[in-house]
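# Chain and residue survey
Residue strings, one per chain:
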Amino acid sequence: MKLFGSRCEQVAAIVRKDFVIGLRRRATFAAMMMFALTAVAALSLSTGGNFVEPKILAALLWVVIFFAAGAGISGTFDDEAQAGTLLTLKLYAAAQAVLFGKMAGVLLSLVTLTTFILPIFLILFDAAVENFFLLTATVLIGLIGLSAAGTLTAALTTSATVKGGLFPILLFPVTLPIFLPAIALTEAALTGAAFDVSSLVVVAAFDAILILASSILYDYL
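Residues numbered from 1 in each chain as written. Predicted model: local features only at pLDDT ≥ 70, side-chain atom pairs only at ≥ 80, totals over all residues. Heavy atoms only, no water.

## Here's the deal with the overall build of the chain
How we decide: Runs of E in the DSSP output that reach at least two residues are strands. Runs of H or I that reach at least four are helices, and both are numbered from the N terminus. Buried, partly exposed and exposed residues are distinguished by accessible area as a fraction of the type maximum, computed with a 1.4 Å probe on protein chains only: under 20%, between the cut-offs, and over 50%, respectively. Should any heavy atoms of two residues lie within 4.5 Å, those residues are considered in contact.
Each helix and strand counted, the chain has nine helices and zero strands in total. Mapped in sequence order, the helices and strands of the chain form the string α-α-α-α-α-α-α-α-α. Per-residue burial over the chain gives 41% buried out of 221 residues. Restricting the contact set of the chain to residue pairs at least 6 apart, pairs at least 24 apart contribute 87%.

In structure tokens, the structure reads:
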């Protein structure tokens, strides 16, 4: 129990550290926000105010979230890598605490991003939400999986010289099993149609697999 409490304190300390650094250097988060806002505005203008099918809207929403997240997640370990303090961080805290601290920080940034961009997306596309609870649950479990996969991929590509192109290539196939059911569930939330609860269970289970796999693989990075 004491060990668990110590790990939680280490995770919280890493989240606080990244949050303070993020406040000092807001360029990364601003880039995520601007990319998402620009993408949504461009997509909305391209439709010319015409009706867009809910299935297409759901897919567009997750595409925007994926690429906007990629603009920020890829640099999750950059500060430590550039300063040469990643090994020092692992000496201060257990490797698992570093991983989950980074993962929690990524999740918080993605939740903030989605909270900002989702209302704008719905307004610009004149889309109504018939099942708000389903939409909230779908977005949350989707972002959890994206955070887990993104944090591990960022750790893998920290020292890569072509990280900008490599990161989305590695991230997309890992998150595809999340996005496919998430798109279907988002469509159901927009239309109010009946949905398969097992789809939510599948996404949640895949989230758990990603978190477990990240926890195991990170020890060898």
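## A few points about the packing of helix H6 (residues 95-124) against helix H9 (residues 197-218)
Helix packing geometry: the angle between the two helix axes and the distance between the axes. Filter applied, for reference: A fitted line through C-alpha atoms represents every axis, and for helices the fit uses only the stretch in contact; the resulting angles, taken between N-to-C directions, go from 0 to 180 degrees. Angular relationships are summarised with four words: roughly parallel below 35 degrees, roughly antiparallel beyond 145, roughly perpendicular across 65 to 115, and oblique for the angles in between. By definition, any crossing whose near helix is turned counterclockwise from its far helix by less than a right angle is left-handed, and any crossing with a clockwise turn is right-handed. Asp, Glu, Lys and Arg are counted as charged, while Ala, Val, Leu, Ile, Met, Phe, Trp, Tyr, Cys and Pro are counted as nonpolar; the rest, among them Gly, fall into the polar class.
Remark: H6 packs on H9, axes separated minimally by 9 Å, with the N-to-C direction vectors making an angle of 135°. Classed by the angle they form, the pair H6 and H9 counts as oblique. For the pair H6 and H9, the sense of crossing is right-handed. Only Ile-211, Ser-214, Ser-215 and Tyr-218 of H9 make contact with H6, whose side of the interface consists of Ala-95, Gln-96, Val-98, Leu-99, Phe-100 and Met-103. For the contact of H6 with H9, the residue count by class is seven nonpolar, three polar and no charged.

## Some words on H6
The line we're drawing: The length a helix should cover is 1.5 Å for every residue beyond the first. Bend is the name given here to the angle between axes fitted to two runs of seven residues, the run ending at a residue and the run starting at it.
The end-to-end C-alpha distance of H6 is 43 Å, a good match for the 44 Å that 30 residues give at a rise of 1.5 Å each. The largest bend in H6 is about 25°, located at Ile-117, with the proline Pro-119 one to four residues further on. Asp-126 sits one or two residues past H6 and shows a positive phi near 50°.

## Re the environment of Ile-117
Its place among the elements puts Ile-117 in helix H6. Separated by 80 residues in sequence, Ile-117 and Leu-37 place their C-alpha atoms 6.7 Å apart. Not counting residues within four places of it along the chain, the set of residues in contact with Ile-117 comprises Ala-36, Leu-37 and Val-40.

## Notes on the nonpolar core
Worth spelling out the cut-off: Residues belong to one nonpolar core when they are buried, are Ala, Val, Leu, Ile, Met, Phe, Trp, Tyr or Cys, and are joined through side-chain atoms within 4.5 Å.
Among the nonpolar cores identified, the biggest contains 54 residues, and Trp-62, Ile-73, Leu-110, Leu-113, Phe-121, Phe-125 and Leu-146 are the most heavily contacted of them. Elements with a minimum of two residues in this core: helix H2 (27-47), helix H3 (54-73), H6, helix H7 (132-156), helix H8 (163-191) and H9. Ranked by the residues each element gives to this core, the list is headed by H3, at eleven residues. When residues no more than four places from it in sequence are discounted, the contact partners of Leu-113 are Phe-29, Met-32, Met-33, Ala-36, Ala-68 and Ala-69.

## Quick look at the environment of Val-52
Tracing the chain through its elements places Val-52 in the loop between H2 and H3. In sequence terms Val-52 and Ala-127 are 75 residues apart; their C-alpha atoms lie 8.9 Å from each other. Each residue touching Val-52, except ones within four places of it in the same chain, is listed here: Thr-47, Leu-57 and Phe-125.

## Notes on the side chain of Thr-138
To keep it simple, the criterion reads: Polar contacts here mean pairs of N or O atoms no more than 3.5 Å apart (in protein, one a potential hydrogen donor and the other a potential acceptor; neighbouring residues in sequence count only if both atoms are side-chain atoms).
Structurally, Thr-138 can be placed in helix H7. According to the relative accessible area criterion, Thr-138 is buried, its value standing at 1%. In this structure the side chain of Thr-138 is engaged in a polar contact, spanning 2.7 Å, whose partner is the backbone oxygen of Leu-134. Contact partners of Thr-138, with chain neighbours within four places excluded, come to Trp-62, Ala-182, Leu-185, Thr-186 and Leu-200.

## Here's the deal with the side chain of Thr-151
Relative to the helices and strands, Thr-151 resides in helix H7. Among the polar contacts listed, one links the side chain of Thr-151 to the backbone oxygen of Ser-147, at a separation of 2.7 Å. Apart from the residues lying within four places of it in its own chain, the contact partners of Thr-151 are Ile-73, Phe-77, Leu-99, Lys-102, Met-103 and Val-106.

## Focus on unusual backbone geometry
Notably, Asp-126 is not glycine yet its phi reads approximately 50°, a positive angle. Here Asp-126 falls in the exposed class, since its relative accessible area comes to 72%.

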